[in-house]
Amino acid sequence: MQVGVPREIKPDEYRIAMLPSGVDELVRHGHRVLIECGAGLGSGITDEQYLENGAEIVDGPAAIYGQADLIVKVKEPLAAEWPLMRPGQLVFTYFHFAASEELTRNVLATGVTAIAYETLRGPRGDLPCLTPMSEVAGRMSIQEGAKYLERPQEGRGILLAGVPGVPPAHITILGGGVVGKNAAQIAAGFQADVVILDVNVDRLRYLEDIMPPNVNTLFSDRHNIREQLQLADLVIGAVLIEGARAPVLVSRDDLKLMKPGAVIIDVAVDQGGCIETTRPTTHSRPTYLVDGIVHYCVTNMPGAVGRTSSYALCNVTFPYVLKLANHGLQAVCVSNPGFAHAVNMHHGQLTNKAVADTFSLPFVEFTKTA
C-alpha cells in the first residue's frame, strides 16, 4: 500500500502523524511511504530522519493525495485539501465532524473513506486514539489557565496556588473524563481548590478515591453548575459525547454569575464547545472577552507542544495504520469491531449516526463486508 503523510496546514499546528520508526516498520512490510517536505519540522523531526528510514520526501500536498491509498493526518482536512482527496481513498485522522456542517458535507462529497481517531473504540469501550491528546489538552488547560488569569492577559490577577494568608484559585472542571481527570491532577499539584462535576456517579466515586484532598467532586446538574460558576476563577470545559456535538452547559446569561476576569478554557471546542459563547480560536490569537470573561477556545491545543503530542499520538495510532496497510479496511474492521466505529464516511455515505443526527443528514450503517 502507498501511505501518504501531508504537512499539517491548520494554523499553529506542529504535530505530524508518522514517526521515523513508523516509516521503517511500514517499509519493512513492503509498503511505500510518502512524507511531504518539512512535515516533521514542527515536532523536531527532519526530512533526513525520514529518508534514513525509507520514506520518500515529496514536494507539496498534491503529490501526497494524488498517489497515496491511505492518508494519515493529525487534524481534519481544510478547504484547500478537499479538492485533492479522491473517491475510495482512506483518510485516517481527527475529523470532529459534529463541530462543522461545512466540513461534513465537503468531505462527504469527496467520496473518501473517513476514519476518525476520536470515534475508534478500544476493547473496553474506551477511545484509545483520543486519550493521549485528551491527556495533553487536560494538562495544558491548567497551564494556559494559569497564564490567562494573570492581569496583563486580562485575567483576575490570581495565582493558582495562592500564598500563605491568601487563598488559592478556585477551579471548576465540567466533566470527569480523561481531560477532566488530567486537568484536576495538574491543578491539584498547583495547590488550587478544585471541583470536578460529572453526571456519572461511579466516575465521581473513582475520582474521589484517586484525587488528593484539595480535589472534590459534585454531581453535574444545573443548580451545582451555576453555584460553581459564582465561585470559579477558572472553568475548564471537559465534556465529551462520542462523535456528537458537546452539550451546552453554560449559557451566556450564566456568565453574569462569574467574577470579572475569570477564565474559561473550553477543551470541548473541537466538538462545538460546552459553553454557549465558545467560538474557535488559534494559538496566535487564543483568547477573547465576553461580558468580562476571558475565553480560551483553541481547537488544537496539543499542537503547541508538537514533539510531545506527535510521539504520544503515534504511539497509539501507528498499530492501526500498520494493520490498515497490511490487511485493508474490511479485514481490520472484521477482526476489530471497535475499528468499525471509526468509519464515519464510506463510499460517499455518512456512517456515523451522531453526526448524521446533528445535521439531519441521511445515515447508512457501515457494512464491514461491503
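Whatever comes next refers back to the structure up there.
Residues numbered from 1 in each chain as written. Predicted model: local features only at pLDDT ≥ 70, side-chain atom pairs only at ≥ 80, totals over all residues. Heavy atoms only, no water.

Asks: Help me out: how do you make sense of the pairing of strand S12 (residues 287-290) in this one?
Replies: Along any regular strand, the residues point their side chains to alternate faces of the sheet. Every second residue of S12 is oriented toward a common face, the buried set being Tyr 288 and Val 290 and the non-buried set Thr 287 and Leu 289. Pairing between S12 and strand S13 (residues 293-296): four bridges, direction antiparallel. Bridge pairing links Tyr 288 to His 295 in S13. Hairpin connection, S12 to S13: the antiparallel pair is bridged by two residues, and Asp 291 has positive phi, about 50 degrees. (Buried < 20%, exposed > 50% of the residue type's maximum accessible area, 1.4 Å probe, protein only. Helix = DSSP H or I, 4+ residues; strand = E, 2+ residues; numbered from the N terminus. Pairing = 2+ DSSP bridges.)

Asks: Explain the sheet that holds strand S9 (residues 215-219) here, please?
Replies: Pairing between the strands of a sheet comes from backbone hydrogen bonds, and it takes one of two forms, parallel or antiparallel. Pairing is mixed in the open sheet, where seven strands are placed in the order S9-S8-S7-S10-S11-S13-S12. Here the strands that pair on one side only, and so sit at the sheet edges, are S9 and S12. For this sheet, the mean angle separating the axes of adjacent strands, direction not counted, is 20 degrees. The pairing of strand S10 (residues 234-237) with strand S11 (residues 263-266) spans four bridges and is parallel. Each residue of the ladder has a partner; that of Val 235, found in S11, is Ile 264. Running at roughly 170 degrees to strand S8 (residues 193-198), helix H6 (residues 178-189) makes contact with strand S7 (170-174), S8, S9 and S10 of the sheet. Docked against the sheet, helix H7 (residues 201-210) engages S8 and S9, running at close to 170 degrees with respect to S9. (Axes fitted to C-alpha atoms, helices over the stretch in contact; angles between N-to-C directions. Contact = heavy atoms within 4.5 Å.)

Asks: What's the story with the side chain of His 346 in this structure? I'm lost.
Replies: Considering the arrangement of structural elements, one finds His 346 in strand S14 (residues 343-346). At a separation of 2.9 Å, a polar atom in the side chain of His 346 contacts the side chain of Thr 113. (Polar contact = N/O pair within 3.5 Å; in protein donor to acceptor, adjacent residues only side chain to side chain.)

Asks: Teacher, can you tell me more about the sheet that holds strand S6 (residues 113-116) here?
Replies: Judged by pairing direction, the sheet is mixed, and its eight strands sit side by side in the order S3-S2-S1-S4-S5-S6-S14-S15 without closing on themselves. Whereas interior strands pair on both sides, the edge strands pair on one side only; in this sheet they are strand S3 (56-58) and strand S15 (349-350). Sitting on the sheet, helix H4 (residues 101-110) touches S6, S14 and S15, and the angle it makes with S14 is about 50 degrees. Contacts from helix H9 (residues 306-327) reach strand S1 (2-5), strand S4 (70-72), strand S5 (90-93) and S6, with the element oriented near 170 degrees to S5.

Asks: Honestly, the packing of helix H5 (residues 131-148) against H6 in this entry has me stumped. Any pointers?
Replies: When two helices pack together, their arrangement is given by the angle between the helix axes and by the axis-to-axis distance. Closest axis-to-axis distance for the H5/H6 pair is 7 Å, and the angle between their directions is 40 degrees. Judged by the sense of rotation from one axis to the other, the crossing of H5 with H6 is right-handed. Where H5 approaches H6, its residues Thr 131, Ser 134, Glu 135, Gly 138, Arg 139, Ser 141 and Ile 142 are matched on the opposing element by Val 178, Val 179, Asn 182, Ala 183, Gln 185, Ile 186 and Ala 187. Looking at the contact of H5 with H6 residue by residue, the class counts come to six nonpolar, six polar and two charged. (Left-handed = near helix turned anticlockwise from the far one by under 90°. Nonpolar A, V, L, I, M, F, W, Y, C, P; charged D, E, K, R; others polar.)

Asks: Can you help me understand the packing of aromatic side chains in this one?
Replies: One pair of aromatic rings is described through two measures. These are the centre distance and the angle between the planes. What the rule picks out here adds up to six aromatic pairs. Taking 4.8 Å as the distance between ring centres and 85 degrees as the angle between the ring planes, the aromatic pair formed by Tyr 94 and Tyr 117 counts as edge-to-face. In this pair, Tyr 94 is assigned in the loop between S5 and H4 and Tyr 117 in the loop between S6 and H5, connecting sequence segments 23 residues apart. Accessibility classification places Tyr 94 together with Tyr 117 in one group, the buried group. One aromatic cluster in this structure is built from Phe 92, Tyr 94, Tyr 117, Tyr 320 and Phe 339. (Phe/Tyr/Trp six-rings, centres within 6.5 Å; stacked < 30°, edge-to-face > 60°.)

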